Amino acid sequence: MSKYSMVDQICYLVWSANETLPPIHQPLDDLRTENLRKLSYGIVLPIICAFGIIGNLLNILVLTRKNMRGTAYIYMRGYSGSALLAIILAIPFGRRLLTQEDYGRWENLGEAFYTAHLELFLGNACLGVGVLMLLVLTIERYVSVCHPTHMRPALGEPTLTVILIPIVTFIIYLPSLFRYEVVKCVLSTDGSITYFKRNNVEFLNSMFYSVYKVILEIVFKLMPTVLIAYFNVRIMIVYRQTCNKRRRMTLSHTKDDDSRKFAEERRLMFLLGSTSLLFLVCVSPMVILHVTLSEENLSSFSYQVFRALANVMELTNYSITFYIYCLFSEDFRNTLIRTMKWPWFNDKTSIKRTDFRLTTTQPIITQHKIPITQQFPQHSTSGFVTGNGRSSSI
């Protein structure tokens, strides 16, 4: 009999148990599972969290600059903020799995309550906010590129949208507060009180929760993944067509202009493709994990490997956005450099400052301008516009 089954049988009263219980003798953990926890939650996860916290803080720093005032930048700030909170909340989650496994035991009621009721609720809700922020950002870019005559912002006032998304998301995740319950045990040896976490079996086996967890994965994982992939593919197709039209309609056409536009197009394709592919690959395993998570599966070592991999991959998705922007966006790098005021870059960035200030919402893809005819007044060279000829977004 596992130690968790013993706890479930012995500690059967929640919150108000006063029985004196015999000491619980726990068998040793499976060595492979213990090593897996040390590797994934003791080494890999803290490293990813450190990069993610630094990256998202720098994201917020750059995206709050005066030249980052476009509609899409508001959604990007919301995405970075939610990702930062989710990563911070993942630190105690990883520490618990490393030191106390899945069910754990605590002497402090507050810590036990947080782990049983708030840990997954807060963490998953923040991740859900990040997913919806990325989705509305992608929709905004899609409308700007594929439907340039459509009124923008496409989803209404962006500030209001950024406020409503967290409120709605946290309300939707409220049922996850009742997934676990806290069990209070009084040990017979010294009368000390120990709190355990266990599944709320009645709630988890209810028809409501069975339907709810499937809908949750569709709304926050499956549907956003499909839509983000589709919209990004459409953006890339339309953008390439627009670039080809511009090449044919360009009044002053030089080889230097051509090489810059090809380089710009490649950066855009890599940026959109990498973010879309990264989201698809890193988030998909969590869909399977959330639907199949159970005490029976947690006893399997192979399932523990899959669980650790899914957790690490999802955190990776929210941790490396900053580094993707830096890799593929010259304007983002220039803004970061000026914000940090690194003296050894002063001469280099001062040359580009005039071009970068041409529009207050210039896209972070590129700052190069190529003259075009009036047949395309709504488009910027990056293919992202917010209306009235003003560009925005990545």
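Residues numbered from 1 in each chain as written. Predicted model: local features only at pLDDT ≥ 70, side-chain atom pairs only at ≥ 80, totals over all residues. Heavy atoms only, no water.

(A) Focus on the overall build of the protein chain. Broken down by element type, the protein chain carries 13 helices and 6 strands. In the protein chain, the proportion of contacts linking residues at least 24 apart, taken out of those at least 6 apart, comes to 75%. (Helix = DSSP H or I, 4+ residues; strand = E, 2+ residues; numbered from the N terminus. Contact = heavy atoms within 4.5 Å.)

(B) Inspection of the nonpolar core at higher detail. Counting 57 residues, the largest nonpolar core has Y173, F279, Y318 and F332 as its most contacted members. Ranked by residue count, the leading element in this core is helix 4 (residues 109-146), at 17 residues. (Core = buried A, V, L, I, M, F, W, Y, C linked by side-chain atoms within 4.5 Å. Buried < 20%, exposed > 50% of the residue type's maximum accessible area, 1.4 Å probe, protein only.)

(C) Looking closely at the pairing of strand 4 (residues 193-199). Buried residues dominate strand 4, accounting for 6 of its 7 residues. In this sheet, strand 4 lies alongside strand 2 (residues 105-106) in antiparallel orientation, the contact comprising 2 bridges. Its bridge partner lying in strand 4, W106 is registered against Y195. (Pairing = 2+ DSSP bridges.)

(D) Geometry of the pattern of salt bridges. Summed over all chains, the structure comprises 4 salt bridges. Ionic pairing is found between E34 and K38, a salt bridge with its closest N-O pair at 3.5 Å. Of the two residues, E34 and K38 are both situated in helix 2 (residues 31-63); the distance of 4 residues between them amounts to about one turn of the helix. On the basis of relative accessibility, which here comes to 26%, the residue E34 falls in the partly exposed class. K38 sits in the partly exposed class, given a relative accessible area of 42%. Residues K221 and E314 are paired through a salt bridge, measuring 3.8 Å at the closest nitrogen-oxygen approach. With K221 in helix 7 (residues 207-249) and E314 in helix 10 (residues 301-319), the pair connects residues that are 93 residues apart, well separated along the chain. Residues K221 and E314 agree in their burial class; the two are buried. (Salt bridge = Lys/Arg side-chain N within 4 Å of Asp/Glu carboxyl O.)

(E) Spatial organisation of the environment of D30. Within the secondary structure layout, D30 lies in the loop between strand 1 (20-21) and helix 2. Residues D30 and F301 lie 271 residues apart in sequence; the distance between their C-alpha atoms is 8.7 Å.

(F) Quick peek at the packing of aromatic side chains. This model, assessed by the stated rule, comprises 15 aromatic pairs. Of the aromatic side chains, those joined through ring pairs into one cluster are F51, F322, Y323, Y325 and F332. Just above the ring of F301 sits the side chain of R32; from NZ or CZ to the centre is 4.3 Å. (Phe/Tyr/Trp six-rings, centres within 6.5 Å; stacked < 30°, edge-to-face > 60°. Lys NZ or Arg CZ within 6 Å of the ring centre and 35° of its normal.)

(G) Helix 4, seen in detail. If you check helix 4, its first and last C-alpha atoms are 54 Å apart, about what 38 residues at 1.5 Å a residue would give, namely 56 Å. At L118, helix 4 shows its largest bend, some 50 degrees. Within helix 4, 30 of the 38 residues are buried, which leaves the element mostly enclosed by the surrounding structure. (Expected span 1.5 Å × (residues − 1). Bend = angle between axes of the 7 residues up to and from the residue.)

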